[in-house]
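# Tertiary structure, described
Spelled out, the chains give:
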Amino acid sequence: MTHEEHPFGRDYWEERYAAPGLAWSGDPNPVLVAEVTPLAPGRALDIGSGEGGDALWLAMSGWHVTGVDISTNALAKARARAESVDGPAAARIRWEQHDLTSWSPEPRSFDLVTSQFMHLPGSARSVLFRALAAAVAPGGTLLIVGHDVSEADAGEHRAHFRELMFGVDDVLAAIGDAELEVEVAESREREAPAAHDSATPVRDVVVRATRPVRPPAAG
């Protein structure tokens, strides 16, 4: 599958991020902050890094971050903003352009793998989530957050988006063979953003899992 076979492929994101200013708030995602703050900093992979709000927060918290996005325009904005906000933190971020339908990270190489609202069609999403789970190093954490597919049935605001949304069970099925210990797997309610066309709270899928550190085999 190429990145133009679904409605939010590379051309869409390049055009969106080519517009002046920020497409998003620039703030880190709240679930990322809540789930990652207790962790000791290490090597982090931020998938679908966009304009870099999550990557910058991680770097400012002491992580060495690889931010990956399909859009070169997004990466350019992210790099420039990080350098203007916090030079030392920006130096701890490496920005990489990849099409996530055809690229996967090195297995067992990151202490944190975070995917915040990274939405692909079903088969490509499962392949990606499986690869992200494989990229978690021993002792590391996988954090996947996305719009709950139940939201597509709650109103018109995301009905067109249904093919790209997922549920907790979809994530668990994709990462089931990765030998991770699932610590959080839930549909979590949050207040709707100001731009939302409804006052009804929205729901996010939140899955956090860790790779156990196995003791060396007895000789």
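This text gives an overview of the structure that appears in the document.

## So, the pattern of salt bridges
Oppositely charged side chains can form a pair if their charged atoms are brought close together. What the rule picks out here adds up to 10 salt bridges. A salt bridge links R43 to D111; its shortest N-O distance comes to 3.1 Å. Of this pair, R43 sits in strand β1 (residues 43–47) while D111 is found in strand β4 (residues 110–116), placing the two residues 68 residues apart along the sequence. Among the salt bridges present, the one from E96 reaches R94, with a minimum N-O distance of 3.0 Å. Bridged by salt links that share partners, the residues E35, E183, E186, R188 and R208 form one connected network.

## Quick look at the packing of helix α6 (residues 122–134) against helix α7 (residues 168–175)
At a minimum axis separation of 8 Å, α6 and α7 run at an interaxial angle of 60 degrees. Classified by the angle their axes make, α6 and α7 are oblique. Both α6 and α7 take part in a crossing whose hand is right-handed. Contact residues: α6 offers R125, S126, F129, R130 and A133, while α7 offers D170, V171, A174 and I175. Considering only residue class, the contact of α6 with α7 consists of 5 nonpolar, 1 polar and 3 charged.

## Thoughts on the environment of R10
One can find R10 in helix α1 (residues 10–18). For R10 and S71, which are 61 residues apart along the polypeptide, the C-alpha to C-alpha distance reads 6.3 Å.

## Quick notes on the pairing of strand β5 (residues 136–147)
With 10 of its 12 residues buried, β5 lies for the most part within the structure. In this sheet, β5 lies alongside β4 in parallel orientation, the contact comprising 6 bridges. Of the residues in β5, the one forming a bridge with L112 is T141. Tracing the backbone out of β4, into α6 and back to the parallel element β5 gives a crossover that is right-handed. Bridge analysis of β5 against strand β7 (residues 202–210) gives 7 bridges, and the strand direction is antiparallel. Bridging from a neighbouring strand, H147 pairs with D204 of β7.

## Some thoughts on helix α3 (residues 53–60)
Counted residue by residue, α3 has 7 buried out of 8 residues, so it is predominantly covered. Listing the buried residues of α3 in full gives G53, D54, A55, L56, W57, L58 and A59. Of the residues trailing α3, G62 is marked for its positive phi of about 105 degrees.

Cut-offs used in this document
- Residues numbered from 1 in each chain as written.
- Predicted model: local features only at pLDDT ≥ 70, side-chain atom pairs only at ≥ 80, totals over all residues.
- Heavy atoms only, no water.
- Salt bridge = Lys/Arg side-chain N within 4 Å of Asp/Glu carboxyl O.
- Helix = DSSP H or I, 4+ residues; strand = E, 2+ residues; numbered from the N terminus.
- Axes fitted to C-alpha atoms, helices over the stretch in contact; angles between N-to-C directions.
- Parallel < 35°, antiparallel > 145°, perpendicular 65-115°, else oblique.
- Left-handed = near helix turned anticlockwise from the far one by under 90°.
- Contact = heavy atoms within 4.5 Å.
- Nonpolar A, V, L, I, M, F, W, Y, C, P; charged D, E, K, R; others polar.
- Buried < 20%, exposed > 50% of the residue type's maximum accessible area, 1.4 Å probe, protein only.
- Pairing = 2+ DSSP bridges.
- Right-handed = clockwise from strand over helix to strand, strands pointing away.

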